[in-house]
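What the coordinates show
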Amino acid sequence: MKLLRAAALDMVMLYAGKVSAILVGFIFLPFYRHLLGAEQFGIVAVILSLQSLLIMLDLGMSTLIGRDVAVANSSSQELVSLVRTAEVSLTGFYLLLLPIAVGLKLLGAFASIEWTTVFGTIVLFWVLVLQNMHYGTMLARREYAAASTIQVIGVAARACATAYVLATVSSTMTAFIVTQLIFATGQALITRHRCFAYWIERSSGESLPKCLRIRDAWELVRKGRALVLFSAAGAAVTQLDKPLVSGLISANSVSPYFLATTVCMVPLSLLAGPVSQYFQPRVLNQSISGEDFPKATFRRFVLSTILITSVPCLVFWLACDPLIGLWVGHGHDNGIISHYVKILLPGFVVGAFGYIPYTLLLYAKDFRFQAVASIMMSIVTLALAALAAYGQSVESVCYVYAAYHTTSTLVSWARAMTLERVSTAARYSAALALQLVIPLVGIAMLAQFFIKNS
């Protein structure tokens, strides 16, 4: 019973960390939209998309460090050195990104955005990427309570402060970025301190490494080069859709699309994400090769991922119109947002199932395939999305992305089944997933039939 209570508490804390970020989107994005206006909010939507892109595009550092910390085969000295080396790598990347942004600004790419906003945005991206890496490190060593507490308080404080400043001080892009940066920096410093304090407490008086070489940072980037390509492709395909819609259609068009994708990210980030973060360290820390893989662990992993993801999304999909109205209020584009959600949500749900085969591929260290497959799917998806946006059809962009998330999960599962180390676990988890998904699809179709004919 003690173990069960501890597991339940860990899961609750993981969800608290994820819920905080999602609730900010649900509660504050409509408020930001009202204060900034359609055009400025369209720019904010693009910035938030790039922010999410760059958090994913962390040179593979979060995955590399998370895996080494979860396996726990390294000493405190080695792990501290690894994290500090990753910090140097990411700082170097953003030092290179800054002159690129300046050059684009000089060429007129950000004509409507002030210099302070451009510089502040780059620094904000850097701070958030480092904070996310330290947060992921704490989760990998199962410090769920401490990590989630910092995350909840930090995200809530940043959102509330931004809303206050926009409402009472200045409803401008500069005010938005500066406020976000100040509070994000505070959260990042606290997360970093707690991340290293854990190892300092367990170092038994041994001196921890302080001096790092640029060469070590470069070697770490080379070690994770496949993950860099994988994360770059994944980040690009999931976040560049908003700039495409904004650039090829209009800034006003990106607003309902951005709100629809925010809703549809719930199954990936809020529902399935914490389940994966809870089970992934346990899977990586066990032997799952051959027939003697831990079926009980995988059964709980698959059941939790599919049921926790599918059931709430099924209810939301069936009652989409009134729930969208409750969220953003009554407006002329509510029907458009609802229509986009109904197209996107099923694909995003299937995409959330992809955490299961992804964990298996991570265990097998199949980084090269993930990179190649991700790049190929990203190129095709972005090309089709650009074509759809060029044809002035946001609806077609929605269909493209629903297909992308579905295909990504199916390809990952098919690959896992071909790898000897994880093939048995992959087949078992796929069979169990089908047994759950088929009845849920039947229920969705039957419920939709009754709603239309009632």
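Residues numbered from 1 in each chain as written. Predicted model: local features only at pLDDT ≥ 70, side-chain atom pairs only at ≥ 80, totals over all residues. Heavy atoms only, no water.

For the rest of this paragraph, the subject is the overall build of the protein. Along its length, the protein carries 18 helices and zero strands. Out of the 454 residues belonging to the protein, those deemed buried represent 52%. If you take every contact in the protein between residues at least 6 apart in sequence, the share linking residues at least 24 apart comes to 82%. Counting every atom, the protein has about 20600 Å² of accessible surface; 67% of that belongs to carbon and sulfur. (Helix = DSSP H or I, 4+ residues; strand = E, 2+ residues; numbered from the N terminus. Buried < 20%, exposed > 50% of the residue type's maximum accessible area, 1.4 Å probe, protein only. Contact = heavy atoms within 4.5 Å. Areas by Shrake-Rupley, 256 points an atom, 1.4 Å probe, with all protein chains shown as cover.)

Right, let's talk about a nonpolar patch on the surface for a bit. Taken together, I100, L104 and L107 make up a surface patch of nonpolar side chains, about 320 Å² in accessible area. Tracing the backbone through its elements, the reader meets I100 in helix α3 (residues 76–106). Taking relative accessible area as the criterion, I100 reaches 49% and is therefore assigned partly exposed. (Patch = residues over 30% accessible without salt bridge, like charges linked within 9 Å, V, L, I, M, F, W, Y side chains within 5 Å. Salt bridge = Lys/Arg side-chain N within 4 Å of Asp/Glu carboxyl O.)

Our focus in this paragraph is the confidence of the model for the protein. Of the residues in the protein, 75% reach a pLDDT of 70 or more, and the chain-wide mean stands at 78. In the model of the protein, helix α7 (residues 214–223) stands out as the element of lowest mean pLDDT, 63, in contrast to helix α17 (residues 394–418), which has the highest, 91. (pLDDT = per-residue confidence, 0-100.)

Across the interface, helix α12 (residues 295–318) lies against helix α13 (residues 320–328) with an axial gap of 5 Å and an inter-helix angle of 90°. Taken together, the axis directions place α12 and α13 in an arrangement best described as roughly perpendicular. In this structure, α12 contributes F316, W317 and L318 to the contact, and α13 contributes C320, L323 and I324. Within the contact of α12 with α13, the residues separate by chemical class into six nonpolar, no polar and no charged. (Axes fitted to C-alpha atoms, helices over the stretch in contact; angles between N-to-C directions. Parallel < 35°, antiparallel > 145°, perpendicular 65-115°, else oblique. Nonpolar A, V, L, I, M, F, W, Y, C, P; charged D, E, K, R; others polar.)

A word on helix α18 (residues 423–452). Spanning 30 residues, α18 covers 43 Å between terminal C-alpha atoms, matching the ideal 44 Å at 1.5 Å per step. Considered for burial, the residues of α18 that qualify are S423, T424, A425, A426, S429, A430, L432, A433, L436, L440 and A444. For α18, the elements touching its buried residues are α12, α15 (355–363) and α17. (Expected span 1.5 Å × (residues − 1).)

Roughly 430 Å³ of internal volume is contained in the second largest pocket. Lining the second largest pocket are 15 residues, and of these L314, P346, L440, V441 and A444 lie nearest its centre. The greatest single-element share of the lining of the second largest pocket, amounting to six residues, is contributed by α18. By residue class, the composition of the lining of the second largest pocket is 13 nonpolar, two polar and no charged. (1 Å grid on protein atoms, 1.4 Å probe; cavity = no way out; pocket = protein on both sides within 12 Å on 5 of 7 lines; lining within 4 Å. Points joined across faces, edges and corners; volume = space filled by probe spheres on them.)

As a further point, take the packing of aromatic side chains. Counting across every chain of the model gives three aromatic pairs. The positively charged end of R84 is found above the aromatic ring belonging to F196, 5.0 Å away from the centroid. (Phe/Tyr/Trp six-rings, centres within 6.5 Å; stacked < 30°, edge-to-face > 60°. Lys NZ or Arg CZ within 6 Å of the ring centre and 35° of its normal.)

Attention now moves to the environment of V275. In this structure, V275 sits in helix α11 (residues 266–284). Take V275: its relative accessible area is 0%, and that puts it in the buried class. For the pair formed by V275 and F301, sequence separation is 26 residues and the distance between their alpha carbons is 7.3 Å.

Attention now goes to unusual backbone geometry. You will see that Q392, though not glycine, has its phi angle at about 65°, which is positive. Position of Q392 among the secondary structure elements: in the loop between α16 (367–390) and α17.

Moving on: the nonpolar core. Judged by nonpolar contacts, the single largest core of 119 residues is most densely connected at Y32, W199, Y257, I324, V341 and Y401. The element contributing the most residues to this core is helix α4 (residues 115–140), with 13 residues. Ignoring sequence-local partners within four residues, the contact set of Y257 consists of D241, K242, V245, Y340, L344, V394, V397, C398 and Y401. (Core = buried A, V, L, I, M, F, W, Y, C linked by side-chain atoms within 4.5 Å.)

This paragraph deals with the packing of α12 against α15. The N-to-C vectors of α12 and α15 enclose an angle of 145°; their axes lie 10 Å apart at closest approach. Here F298, F301, V302 and T305 of α12 come into contact with α15, specifically with Y355, I356, T359 and L360. Residue composition of the contact of α12 with α15, grouped by class: six nonpolar, two polar and no charged.

We now examine the side chain of E87. For E87, the location among the structural elements is in helix α3. Using a relative accessible area of 10% as the deciding quantity, one classes E87 as buried. For E87, the side chain forms a polar contact with the side chain of R192, separated by 2.8 Å. (Polar contact = N/O pair within 3.5 Å; in protein donor to acceptor, adjacent residues only side chain to side chain.)

For the rest of this paragraph, the subject is the pattern of salt bridges. A full pass over the atoms with the stated rule returns three salt bridges. Its salt-bridge partner being R192, residue E87 comes within 2.8 Å of it at the nearest N-O pair. With E87 in helix α3 and R192 in helix α6 (residues 173–201), the pair connects residues that are 105 residues apart, well separated along the chain. Residue E143 pairs with R194 through a salt bridge whose shortest N-O separation is 2.7 Å. Of the two residues, E143 sits in the loop between α4 and α5 (144–168) while R194 sits in helix α6, which places them 51 residues apart along the sequence. Of the residues examined, E143 reaches a relative accessible area of 9% and is grouped as buried.

Here we come to the environment of T174. Looking at the element boundaries, T174 is found in helix α6. Other than its neighbours up to four places away in sequence, T174 contacts E114, T116 and T117.

A full pass over the atoms with the stated rule returns zero disulfides. Considering cysteine sulfurs only, C264 is the nearest to C320, which forms no disulfide, with 7.8 Å between them. (Disulfide = S-S within 2.5 Å.)

With respect to the element layout, A101 can be found in helix α3. Using a relative accessible area of 9% as the deciding quantity, one classes A101 as buried. Through-space distance from the C-alpha of A101 to that of F119 is 8.2 Å; in sequence the pair is 18 residues apart.

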